[in-house]
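Fold and contact review
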Amino acid sequence: MPTLDTRRANMETLAAWNANAASWDAKMGEGNDFVEILQWPAILRLLNPQPGQHILDAACGNGLMARRLAALEASVTAFDFSSNLIDYARQRTPAEYPIAYYVLDATEPTDLESLEHFQFDSALCNMALFDIATVEPLFHTLAQILKPDGAFVFTLMHPAFNNPTSIHLLEESDLSGEVITQYAIKSSRYMSQFQAYGLALRNQPRPQLYFHRPLDYYLNLGFQDGFILDGLEERAFPPEVPAANPLSWGGQFHEFPPVLAARMRLPR
Ligand SMILES: C[S@@+](CC[C@H](N)C(=O)[O-])C[C@H]1O[C@@H](n2cnc3c(N)ncnc32)[C@H](O)[C@@H]1O
């Protein structure tokens, strides 16, 4: 597949997320197994949201994380570049929740400037950095708009085990006289950055672009902007969690984490 330049890749990404917004909102709703079992427990530990804190939810989708944070009495500013998703986010949000939603493009420094009058206690970007055509503007902006000691927590599809080249394998043998089944993940690409079409959820109307980056790329961006890494979790399904399909992510792949959660922090 030809690599699109950042601007065209971003336009393609926006068109896909707007086209998929209704299906994403209907299927994702307020969460799924990935959210409940892998992401949210790690986010609670790493972000440690407290009542009264002002938290940024970057690339918020239909706002499911913003609402979870607001339910814990945080005040939330949330943005996404898909106006269709922001419409769903607003529709789903009870009037009493202190959430302000904005349509902003995380690749556009001028859009991000509109956040610069805030000083956030912390920021979250749940399962979205790999969907964003370039993440440098977001990291630079976060370094400006977080308070001293402020934390930026992000979750990723684990770039080593759950990237667009990852293949899920089930192998069976009886070489030693007993039937042995083994689940494995095969990946053909990790170190270099690339774009690839994929599916965020099965049967979505339109595939969207993924932007694969190795882990050190994200961490070094943070380090360059003055963050330190002070929390990291690799999140796998426990063995007892059934998978929706024989080879989709579930407890049979408990040795492999499909999700990685990291906390980067500014100095005091
Ligand atoms: C996998 S969804 C995650 C949504 C949400 N954070 C959640 O946890 O459900 C990825 C989101 O990234 C958003 N996104 C992609 N590129 C973006 C950009 N340049 N600016 C803002 N949002 C973007 C998409 O619109 C989509 O809502």
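Residues numbered from 1 in each chain as written. Predicted model: local features only at pLDDT ≥ 70, side-chain atom pairs only at ≥ 80, totals over all residues. Heavy atoms only, no water.

Its place among the elements puts arginine 235 in strand β10 (residues 228-235). Residue arginine 235 is classed as buried on the basis of its relative accessible area of 16%. Reaching out from arginine 235, the side chain makes a polar contact with the backbone oxygen of leucine 38 at a distance of 2.8 Å. If we skip the residues at most four places from it in the chain, arginine 235 touches Ile37, Leu38, Pro41, Ala42, Arg45, Pro257, Pro258 and Val259. (Helix = DSSP H or I, 4+ residues; strand = E, 2+ residues; numbered from the N terminus. Buried < 20%, exposed > 50% of the residue type's maximum accessible area, 1.4 Å probe, protein only. Polar contact = N/O pair within 3.5 Å; in protein donor to acceptor, adjacent residues only side chain to side chain. Contact = heavy atoms within 4.5 Å.)

Here we come to the nonpolar core. Core analysis: the largest hydrophobic core is formed by 47 residues, its most contacted members being Phe79, Leu129, Phe139, Leu142, Phe152 and Phe154. Setting aside chain neighbours within four positions, we find phenylalanine 139 in contact with Leu129, Phe152, Phe154, Tyr218, Leu221, Gly222, Asp225, Phe227 and Met264. Trp17, Ala70, Ala78 and Ile99 belong to the second-largest nonpolar core, a separate cluster that totals 30 residues. (Core = buried A, V, L, I, M, F, W, Y, C linked by side-chain atoms within 4.5 Å.)

In this section: the environment of tyrosine 218. Tracing the backbone shows tyrosine 218 in helix α7 (residues 215-224). Tyrosine 218 gets classed as buried once you look at its relative accessible area, which sits at 1%. The sequence separation of tyrosine 218 and alanine 262 amounts to 44 residues, and the corresponding C-alpha distance is 10.0 Å. Ignoring any residue separated from it by four or fewer positions in sequence, one finds tyrosine 218 in contact with Leu129, Phe130, Val135, Phe139, Phe154, Leu156, Phe211, Arg213 and Met264.

For the rest of this paragraph, the subject is the packing of helix α2 (residues 33-47) against helix α3 (residues 64-71). Running from N to C, α2 and α3 cross one another at 50°; their axes reach a closest spacing of 12 Å. Taken as axis vectors, α2 and α3 run oblique relative to one another. Between α2 and α3 lies a crossing of right-handed hand. Between α2 and α3, the residues in contact are Val35, Glu36, Gln39, Trp40, Ile43 and Leu47 and Leu64, Met65, Arg68 and Leu69, respectively. Class assignment for the residues of the contact of α2 with α3 results in seven nonpolar, one polar and two charged. (Axes fitted to C-alpha atoms, helices over the stretch in contact; angles between N-to-C directions. Parallel < 35°, antiparallel > 145°, perpendicular 65-115°, else oblique. Left-handed = near helix turned anticlockwise from the far one by under 90°. Nonpolar A, V, L, I, M, F, W, Y, C, P; charged D, E, K, R; others polar.)

Turning to the environment of glutamate 255, a few remarks are in order. Of note, glutamate 255 is situated in the loop between β10 and β11 (259-265). A sequence separation of 20 residues divides glutamate 255 from arginine 235, and the C-alpha atoms of the two residues are 9.8 Å apart.

Looking now at the pairing of strand β9 (residues 208-212). Within β9, five of the five residues are buried, which leaves the element mostly enclosed by the surrounding structure. The pairing of strand β8 (residues 194-198) with β9 spans five bridges and is classified as antiparallel. Along β9, the bridge assignment pairs glutamine 195 with phenylalanine 211. (Pairing = 2+ DSSP bridges.)

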